[in-house]
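A look at the structure
Given next are the chains, with one letter for each unit.
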Amino acid sequence: MVILPGLYFAFVAPWLWHNVSLFCPIFTAILISMTYALLMLTSCTDPGIVPSRAVQILTETEKETYAALVPRKYWPEDGDLHEPEDLVSYEMKKIGFKWCHTCHAIRPPRAAHCSICNHCVLVLDHHCGFVGCCIGQRNYGFFMTWICFLLVSIVALLIQTIVWVTAEGGENDDGSVQNSIATTKNKSLDTEHASNTT
């Protein structure tokens, strides 16, 4: 993600700036900047980590966490949290609530435990090794937008590089652009003829 844009701005962008249009390098710079910004947003945004029971006890937020994760109709009638495992009733299990035996916390429907991060994450999609974090409920939008911008950036870099390579390969002394294959063939024939005459 650093080397290819660096090569583009070192070699391709100056040629496009002078010979094609100012728009191409400026558009690509904006596109690549947005791609980096979305990568940072994806990586730095909390994916929806459910605090472990140890964290809840240390921060004294057990009741607040329970209230945030569990709909009111499933709360214990006396309002006490009782034994942790007993907090996941049969009705809650039917709709997808689980008890995480690693985090010792309630896991809402579609949440899963990431073995790499060692956290339960709301609506866990996957752990992305490239981004370096889980992709979940809170950063999924940034992740998908980043993927789209990354693909568009790659296509833009590829097309502009192909234009640069074909134009540079087929450029004559008078500045006209011709078929680079024909130019290469003529050069090889000249070299072969010169070697035969000696």
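What comes next is a walk through the structure. Just so we're clear, the structure is a prediction, and the values are computed from it rather than from any experiment.

Quick notes on the pattern of salt bridges
- For the structure shown, the criterion picks out 2 salt bridges.
- The partner of D46 in a salt bridge is R138, and the shortest N-O contact between them spans 2.6 Å. Note that D46 is positioned in the loop between α2 (23-44) and β1 (49-50) and R138 in the loop between β7 (133-135) and α6 (140-169), a separation of 92 residues in sequence.
- A relative accessible area of 33% means that D46 is categorised as partly exposed.
- Of the charged contacts, one joins R53 and E62 as a salt bridge, the two residues approaching to 2.9 Å between their closest N and O atoms.
- Using a relative accessible area of 22% as the deciding quantity, one classes E62 as partly exposed.

Some thoughts on the environment of I162
- Structurally, the position occupied by I162 is in helix α6.
- For I162 and V12, which are 150 residues apart along the polypeptide, the C-alpha to C-alpha distance reads 9.6 Å.

Some thoughts on the nonpolar core
- Counting 17 residues, the largest nonpolar core has Y66, V70, V88, M92, F97 and I106 as the members making the most contacts within it.
- Among residues more than four places away in sequence, those in contact with V70 are W75, M92, F97 and I106.
- With 9 residues, the next largest nonpolar core counts A13, L16, C24 and A167 among its residues.

With respect to the sheet that holds β1
- With antiparallel pairing, the 3 strands of this open sheet are ordered in space as β1-β5-β4. Only two strands of the sheet have a single partner each, and these edge strands are β1 and β4 (112-114).
- Where β1 and strand β5 (residues 119-121) come together, 2 bridges link them in antiparallel fashion. Paired with I49 across the bridge in β5 is V121.

Focus: the packing of helix α1 (residues 3-19) against α2
- For the pair α1 and α2, interaxial distance at closest approach is 9 Å and the crossing angle is 155°. Considered as vectors, α1 and α2 are oriented roughly antiparallel to each other. Facing P5, Y8, F9, A13, L16 and W17 of α1, the residues of α2 in contact are C24, P25, I26, T28, A29, I32 and Y36.
- Split into classes, the residues belonging to the contact of α1 with α2 amount to 12 nonpolar, 1 polar and no charged.

Some remarks on the environment of Y36
- Relative to the helices and strands, Y36 is located in helix α2.
- For Y36 and F149, which are 113 residues apart along the polypeptide, the C-alpha to C-alpha distance reads 9.3 Å.
- Excluding anything up to four places from it in sequence, Y36 contacts M1, V2 and P5.

As for helix α4 (residues 62-69)
- Burial in α4 covers these residues: T65, Y66 and L69. Along α4, the residues classed as buried sweep out an arc of 100° about the axis, all on the same side. Every exposed residue of α4 that faces more than 90 degrees away from the buried side is listed here: K63, E64 and A68.
- Summarising the contacts, the buried residues of α4 are in contact with β1, α3 (53-59), α5 (90-94) and β3 (105-107).

Thresholds, definitions, all that
- Residues numbered from 1 in each chain as written.
- Predicted model: local features only at pLDDT ≥ 70, side-chain atom pairs only at ≥ 80, totals over all residues.
- Heavy atoms only, no water.
- Salt bridge = Lys/Arg side-chain N within 4 Å of Asp/Glu carboxyl O.
- Helix = DSSP H or I, 4+ residues; strand = E, 2+ residues; numbered from the N terminus.
- Buried < 20%, exposed > 50% of the residue type's maximum accessible area, 1.4 Å probe, protein only.
- Core = buried A, V, L, I, M, F, W, Y, C linked by side-chain atoms within 4.5 Å.
- Contact = heavy atoms within 4.5 Å.
- Pairing = 2+ DSSP bridges.
- Axes fitted to C-alpha atoms, helices over the stretch in contact; angles between N-to-C directions.
- Parallel < 35°, antiparallel > 145°, perpendicular 65-115°, else oblique.
- Nonpolar A, V, L, I, M, F, W, Y, C, P; charged D, E, K, R; others polar.
- Arc of directions from axis to C-beta.

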